[in-house]
Amino acid sequence: LAADIVGKKCREVIGGPVIKAKSGALAQLASKAGVSLQEADARLGFLTAKAAEACRVMMANPGTRVGVSILVNRKKNGVLFVNECLVLSLKLPAVNWSYCVGFQRDISKEVPLHALLSAATSDCAYSSLISRRGAALDARRSTLLGVGGENVVRCLHEKALNVFSQDIW
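About the criteria used
Residues numbered from 1 in each chain as written. Predicted model: local features only at pLDDT ≥ 70, side-chain atom pairs only at ≥ 80, totals over all residues. Heavy atoms only, no water. Helix = DSSP H or I, 4+ residues; strand = E, 2+ residues; numbered from the N terminus. Buried < 20%, exposed > 50% of the residue type's maximum accessible area, 1.4 Å probe, protein only. Contact = heavy atoms within 4.5 Å. Arc of directions from axis to C-beta. pLDDT = per-residue confidence, 0-100. Polar contact = N/O pair within 3.5 Å; in protein donor to acceptor, adjacent residues only side chain to side chain. Core = buried A, V, L, I, M, F, W, Y, C linked by side-chain atoms within 4.5 Å. Phe/Tyr/Trp six-rings, centres within 6.5 Å; stacked < 30°, edge-to-face > 60°. Lys NZ or Arg CZ within 6 Å of the ring centre and 35° of its normal.

Caption draft 1: Summary view of the side chain of Lys 50. Structurally, Lys 50 is set in helix 3 (residues 37-60). In this structure Lys 50 comes out as buried when scored by relative accessible area, which is 10%. Residue contacts for Lys 50: discarding those within four places in its chain leaves Asp 123 and Tyr 126.

Caption draft 2: Molecular detail of helix 2 (residues 25-33). Residues of helix 2 that are buried: Ala 25, Leu 26, Leu 29, Ala 30 and Ala 33. Seen along its axis, helix 2 keeps its buried residues to an arc of 140 degrees; they face one direction. Opposite the buried face of helix 2, at more than 90 degrees from it, the exposed residues are Ser 31 and Lys 32. Count one or two residues on from helix 2 and you reach Gly 34, which has phi positive near 70 degrees.

Caption draft 3: Layout of the confidence of the model for the protein. Looking at the protein, pLDDT values average 78 and 73% of them are 70 or higher. Counting interchain partners and residues more than four positions distant, the pLDDT-below-50 stretch residues 164-169 has 5 contacts.

Caption draft 4: Quick look at the environment of Ser 122. Position of Ser 122 relative to the elements: it lies in the loop between helix 4 (113-119) and helix 5 (123-132). Judged by relative accessible area, which is 28%, Ser 122 ranks as partly exposed. Placed 79 residues apart in sequence, Ser 122 and Arg 43 show a C-alpha to C-alpha distance of 9.4 Å. At 3.0 Å, the side chain of Ser 122 forms a polar contact with the backbone nitrogen of Ala 125.

Caption draft 5: Spatial organisation of the nonpolar core. In terms of nonpolar packing, the biggest core is built from 34 residues, with Leu 29, Leu 47, Ile 70, Val 72, Val 82 and Leu 116 touching the most fellow members. For this core, the elements supplying multiple residues, two or more each, are helix 2, helix 3, strand 1 (66-74), strand 2 (80-92), strand 3 (97-106), helix 4 and helix 5. Once residues within four sequence positions are removed from consideration, Ile 70 is found in contact with Leu 47, Val 82, Asn 83, Ile 107, Leu 116, Tyr 126, Leu 129, Ile 130 and Arg 133.

Caption draft 6: Up close: the environment of Ile 130. With respect to the helices and strands, Ile 130 occurs in helix 5. Measuring from C-alpha to C-alpha, the distance between Ile 130 and Val 68 comes to 8.5 Å, with 62 residues separating the pair along the chain.

Caption draft 7: Highlighting the packing of aromatic side chains. The tally for this structure, following the rule as stated, stands at 1 aromatic pair. A centroid spacing of 6.0 Å and a plane angle of 75 degrees characterise the contact between Phe 46 and Tyr 126, whose relative ring orientation is edge-to-face. Within this pair, whereas Phe 46 is found in helix 3, its partner Tyr 126 is found in helix 5, the two being separated by 80 residues in sequence. Across this residue pair, the class does not change: Phe 46 and Tyr 126 are buried. The ring of Phe 81 is capped by Lys 75, whose NZ or CZ atom sits 5.3 Å from the centre of that ring.

Below you can see the structure in the form of structure tokens.
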């Protein structure tokens, strides 16, 4: 639920830190991928670094670039899944406040967990995976930044203002 994650940092709700924080989750990941705990940890670290890199690019170009990453995530019930995450940095025009919003989607049916972890071995393999997701990602990006995207952004501004105002008052 959105209420569970509003105001939290990305590392608190997705990716490697979340998997490592839950007892047995890393072992579950290693088992599903058929790799050792150390290898699962290394690949999780690789994916986390790629997500951070995507965020840095997005933050350097606020409002014009969408940060894209594909990560391992964990549902509340403990099930691991492949998470496609898009992050957008925006400024609230009325008060010039910056904020980020992330959009997550379970793509486990399109990219199985073992395929993601196989791609988490090199920049080339990971980039190839992102490229294969090109059409789906382009459609999602255009919804956020393209024609009609202003409606999405307006809605995000309204929600952000609501969250910010609760923090201030």
